[in-house]
Amino acid sequence: MELIKQLAVLAGLQDSYVHAQGHTEVIGLDKQQAILQAMGYDLSGNEIIQQQISQLSEQHWFEVVAPVNVCQQDQPLVLRLQQLQQQAVSDWQWQIITEEQQQFSGSLSIAASDISVRQPTSRGEVLLAEMKLDVSLPLGYHQLQLSNGTQQYSQQLIITPQRCFQLHDKAVLHKTFGPAIQLYAVRSTRNWGLGDFADLQQMVAPLAAQGVDFIGLNPLHALYPELPQDCSPYSPNSRLWLNTQYVALEYTEEYQHCDAAQKLVASENFQQQLQQLRNCSDVDYIGVAALKKSVAVLLWRQFKQQHLAKNTARAQQYHQFVATSGDSLRQLAIHQVLQGQMFAKDWNMAAWQSFPPELQDPQSEAVAAFAREHSDAIELQLYLQWQAQQQLAEVKRLCQQHGMAIGLYCDVAVGTSRSSAESWGAPEDYLLDLSVGAPADIMAPKGQNWGLLAYNPQTLRQKAYQPFIQLIQANMRYAGALRLDHVMALLRLWCCPLGADATAGAYIRFPAADLFAILALESQRNSCVVIGEDLGTVPVEISHLMAQYQVLSYRVFMLEQKAGSYDHAALTYPELALATVSTHDMPTMVGYWQEYDLALRHQLDLFPNPQVAQSLYQLRTDEKQLMRDKLQLEEGNFSQLIRASHLFTASQPARLFAFQLEDLLQMTTPVNIPGTSSEYPNWRRKLSDNIDAILQQPDVQQMISEIRTARQ
């Protein structure tokens, strides 16, 4: 038992946590064992466990230099040098090459007085010397080379700022606001049954004219074009690339010159299908994908004939895009086609772990042969990704042109799907036999198992945090603000063995201090405000790190129905926060008041027992009474409910305020019910009217105008 506990601590597995209700929950030994085994540890005997304990205890002592050193710019640059005593060398040469190829160099001579620690290990005593390098480095990613004449070592140096970017850094001093939109849910007279980047472009001018500073979006991550029914934006195929279903095909240059595509779209049958897709109250992802693919194939053919065959300037731009996008994009395109082929043969082969063994490795000759055989389909995916990037870049440009203080407020999912191209391309980056979720709380009394993968913290460090850096860079590319879903993941993630429910989980720790520092660096470089979604069970360390790095908190009116939240509203919705009335994971305001969400949870058997259900119904009764008293609400007056809740929240000090269009439209059905997958049609429900009509509605315009006044 003691050996298991020791191993768990060294592996970063927490044996207890503070529950959302305030009491301490202890993780049973059986659960710790199951999670350790899923992490790859062998628990078959005490001797083997002891060997793994020794290895984990000692492995970092055998690094002459660590693979990565994250250092704040205003702090001395300290090199931690570790050597076995019997192999110790006194004289060293160092060289630093910055991102801009600037070079610094010098020498070190280590004396006995420089040894600060003598660590006994199984290989002998390790001597630790911490030496200051007299050099001032700019912010960024630099390379340290260290040599003793016979051996050379390298370290990634990451020099970070003290905090994240804030709007006042570019002289934006007013409190900002904007709508939070599920892009796929947007209706219009021209889209193909799913909101797209052209819809987004056309929203910018009317919203900016009403003083809106940003448009908040669901994650735009790449999904599964050959499995369009897998539609959750929070269960992505790749968080590095975009969902190409959002490409407005008729806005591409190729469409303007492609008679075949124009003729197909204009045909009576196509137009009938388009109208049916637009009329659906829920997005028909399969129908939309089929129509879009039929046209995309023609556009790709047009591009090949008009540009690739002649190596035009446009063809060269495409080649440049593919070349600079690196392996992750090509692997995504190959995976998308390969997954479609495997799924067509056997639906059990949708996950790459179920592919034939020779196709599970993207570097294999079998995958290379597949890519050659299906090069046209793969190039089509690359072309669509290129178009997606161009169209979203145009949205960003329009936001800037119309004077929006922030522009796009984007969202990054907490993990990637287990069957994703992300995990197929670099399986070593993830804990493949664990699934991310959350312990029980008021929103999900049975806990949640999201079916997502967590990074492997050891691999993350060995790779000098490159997977995380690339993730943040990709998602800040077009964003003026970025929301990190479940920001607690930078510190710890609730992980369950595959096939187990959320109650079988425990927390695994991550190097939060380094990850927050890197987040600050990318935030400053991209002039991007960072919001951390800190709902649920929030450890004190996360609150401290968010305050230190000025990551905005996420404050939701619907979750703050306590007397103190009204009496001390400025503390509940502080300046360093984004405030909102509700979120995509919660009922709409009208649905909440009508208790539609509780009825749905009862219907879907989401309450662990009748006592929990009864307590939640009673809590709702108490919350509604508090709102009646504090906001002076009349029973059944939903317009007053929406107005009072939004203007109260908008008037608070929080720097950002987001509103859901669903609330302004008094819609009742939720976008998503946490803790469900097939039980409820999550991520499908559309807005109740076309977006241009919504933005012209007098009551909507009046509400936005009053929000703007409240923000002033």
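What counts and what doesn't
Residues numbered from 1 in each chain as written. Predicted model: local features only at pLDDT ≥ 70, side-chain atom pairs only at ≥ 80, totals over all residues. Heavy atoms only, no water. Helix = DSSP H or I, 4+ residues; strand = E, 2+ residues; numbered from the N terminus. Rg over C-alpha atoms; globule rule 2.2 N^0.38 Å. Buried < 20%, exposed > 50% of the residue type's maximum accessible area, 1.4 Å probe, protein only. Contact = heavy atoms within 4.5 Å. Areas by Shrake-Rupley, 256 points an atom, 1.4 Å probe, with all protein chains shown as cover. Lys, Arg positive; Asp, Glu negative; His and termini not counted. Charge placed at Lys NZ, Arg CZ, Asp CG, Glu CD. Salt bridge = Lys/Arg side-chain N within 4 Å of Asp/Glu carboxyl O. Phe/Tyr/Trp six-rings, centres within 6.5 Å; stacked < 30°, edge-to-face > 60°. Lys NZ or Arg CZ within 6 Å of the ring centre and 35° of its normal. Arc of directions from axis to C-beta. Pairing = 2+ DSSP bridges. Axes fitted to C-alpha atoms, helices over the stretch in contact; angles between N-to-C directions. Parallel < 35°, antiparallel > 145°, perpendicular 65-115°, else oblique. Left-handed = near helix turned anticlockwise from the far one by under 90°. Nonpolar A, V, L, I, M, F, W, Y, C, P; charged D, E, K, R; others polar. Core = buried A, V, L, I, M, F, W, Y, C linked by side-chain atoms within 4.5 Å. Disulfide = S-S within 2.5 Å.

**With respect to the overall build of the chain**
- Tallying secondary structure elements over the chain gives 25 helices and 25 strands in all.
- Computed over its C-alpha atoms, the radius of gyration of the chain comes to 27 Å, within 12% of the 27 Å expected for a compact globule of 712 residues.
- Each of the three principal axes of the chain carries a C-alpha extent, and together these read 80 × 70 × 55 Å.
- Scored against the burial criterion, the 712 residues of the chain give a buried share of 57%.
- Restricting to contacts in the chain with at least 6 residues of sequence separation, those with at least 24 account for 72%.
- Accessible area of the chain: about 29,200 Å², with a carbon and sulfur share of 48%.
- Distance between charge centres in the chain, computed from 48 positive and 70 negative side chains, equals 4 Å.

**Side note on the pattern of salt bridges**
- For the structure on display, the rule yields 32 salt bridges.
- The shortest N-O distance in the salt bridge between Arg-372 and Glu-365 comes to 2.7 Å. Pair check on accessibility: Arg-372 and Glu-365 agree, each one exposed.
- The closest approach of N and O atoms between Arg-685 and Glu-662, which form a salt bridge, is 3.2 Å. Highlighted residues: Arg-685 in the loop between α23 (661-664) and α24 (691-696) and Glu-662 in helix α23, separated in sequence by 23 residues.
- By relative accessible area, Arg-685 is classed as buried at 7%.
- Each of the salt bridges in this network shares a partner with another, and the network as a whole consists of Arg-190, Asp-196, Asp-199 and Glu-250.

**A closer look at the packing of aromatic side chains**
- Scanning the entire structure with this criterion turns up 24 aromatic pairs.
- Following the ring pairs from residue to residue traces out a cluster consisting of Trp-300, Phe-303, Tyr-318, Tyr-383 and Trp-386.
- Taking NZ or CZ as reference, Lys-624 lies 5.3 Å from the ring centre of Trp-593, over its face.

**As for helix α10 (residues 365-373)**
- If you check which residues of α10 are buried, you get Val-367, Phe-370 and Ala-371. Considered in projection along α10, the buried side chains sweep an arc of 100° and stay on one side of the axis. Within α10, the exposed residues directed more than 90 degrees away from the buried face are Glu-365, Arg-372 and Glu-373.
- In this fold, the buried residues of α10 make contact with α9 (313-345), α11 (375-401) and α12 (421-425).

**With respect to the sheet that holds strand β7 (residues 115-121)**
- With respect to topology, 3 strands assemble into an open sheet ordered β4-β8-β7, the strand pairing being antiparallel. Pairing within the sheet leaves two strands with one partner each, and these edge strands are β4 (77-84) and β7. Taking each pair of neighbouring strands and ignoring which way they run, the sheet shows an average axis angle of 25°.
- Alignment of β7 against strand β8 (residues 124-133), held across 6 bridges, turns out to be antiparallel. The residue of β8 that forms the bridge with Gln-119 is Val-126.

**Details of the packing of helix α6 (residues 259-266) against helix α8 (residues 285-308)**
- One way to put it is that α6 packs onto α8 with a least axis distance of 8 Å and a crossing angle of 165°. Put simply, α6 runs roughly antiparallel to α8. Crossing hand, α6 versus α8: left-handed. Here Ala-260, Ala-261, Leu-264 and Val-265 of α6 come into contact with α8, specifically with Ser-294, Val-295, Leu-298 and Leu-299.
- A breakdown of the residues in the contact of α6 with α8 according to their chemical character gives 7 nonpolar, 1 polar and no charged.

**Let's talk about the sheet that holds strand β9 (residues 140-147)**
- Pairing is mixed in the open sheet, where 5 strands are placed in the order β3-β10-β9-β5-β6. Strands at the two margins of the open sheet, each flanked by one partner only, are β3 (68-72) and β6 (103-109). Here the strands of the sheet are splayed against their neighbours by 25° on average, with no regard to which way each runs.
- With 7 bridges joining them, strand β5 (residues 91-97) and β6 adopt antiparallel strand pairing.

**Some thoughts on the pairing of strand β17 (residues 434-438)**
- Counting buried positions over the 5 residues of β17 gives 5, a clear majority of the element.
- Neither face of β17 is open: one carries Leu-434, Val-436 and Ala-438, the other Ser-435 and Gly-437, and all of them are buried.
- Bridge count for β17 against strand β20 (residues 492-497) is 4 bridges, and the pairing is antiparallel. Following the sheet pairing, Gly-437 is matched in β20 by Trp-494.
- Summarising the sheet, β17 and strand β18 (residues 448-453) pair through 3 bridges and their orientation is antiparallel. Paired with Val-436 across the bridge in β18 is Leu-452.

**A short note on the nonpolar core**
- Ranked by size, the top nonpolar core spans 210 residues in total, and within it Leu-36, Leu-200, Met-203, Ile-215, Leu-408 and Phe-516 carry the most contacts.
- Among the elements that make up this core, the one with the highest residue count is α11 (11 residues).
- Not counting residues within four places of it along the chain, the set of residues in contact with Leu-36 comprises Ile-4, Leu-7, Ala-8, Ala-11, Leu-13, Tyr-41 and Leu-43.

**Quick word on the packing of helix α7 (residues 268-279) against α8**
- Remark: α7 packs on α8, axes separated minimally by 10 Å, with the N-to-C direction vectors making an angle of 145°. In the packing of α7 onto α8, the handedness of the crossing is left-handed. Across from Phe-270, Gln-273, Leu-274 and Leu-277 in α7, the residues of α8 making contact are Gly-287, Val-288, Leu-291, Ser-294 and Val-295.
- Looking at the contact of α7 with α8 residue by residue, the classes come out as 6 nonpolar, 3 polar and no charged.

**Some points on the pairing of strand β22 (residues 529-532)**
- Side chains of β22 alternate between two faces, with Val-529 and Ile-531 and Val-530 and Gly-532 buried alike.
- Bridge count for strand β19 (residues 481-484) against β22 is 4 bridges, and the pairing is parallel. Bridge pairing in β22 places Leu-482 opposite Val-530.

**Focus: the side chain of Asn-456**
- Counting through the fold element by element, Asn-456 comes out in the loop between β18 and α13 (457-462).
- Residues within four places of Asn-456 in sequence aside, it is in contact with Glu-428, Asp-429, Tyr-430 and Leu-431.

**Considering the state of the cysteines**
- Tallied over the full model, the rule gives 0 disulfides.
- Unpaired in this structure, Cys-164 has its nearest cysteine sulfur neighbour in Cys-528, at a distance of 8.9 Å.
- Under the relative-accessibility criterion, Cys-164 is labelled buried at 0%.
- Overall, the relative accessible area of 0% leaves Cys-528 in the buried class.

**Quick look at unusual backbone geometry**
- Phi at Asn-311 takes a positive value of approximately 50°, unusual for a residue other than glycine.
- One can find Asn-311 in the loop between α8 and α9.
- Despite not being glycine, Glu-595 has its phi angle at roughly 60°, a positive value.
- Along the chain, the position of Glu-595 falls in the loop between α19 (589-593) and α20 (596-603).

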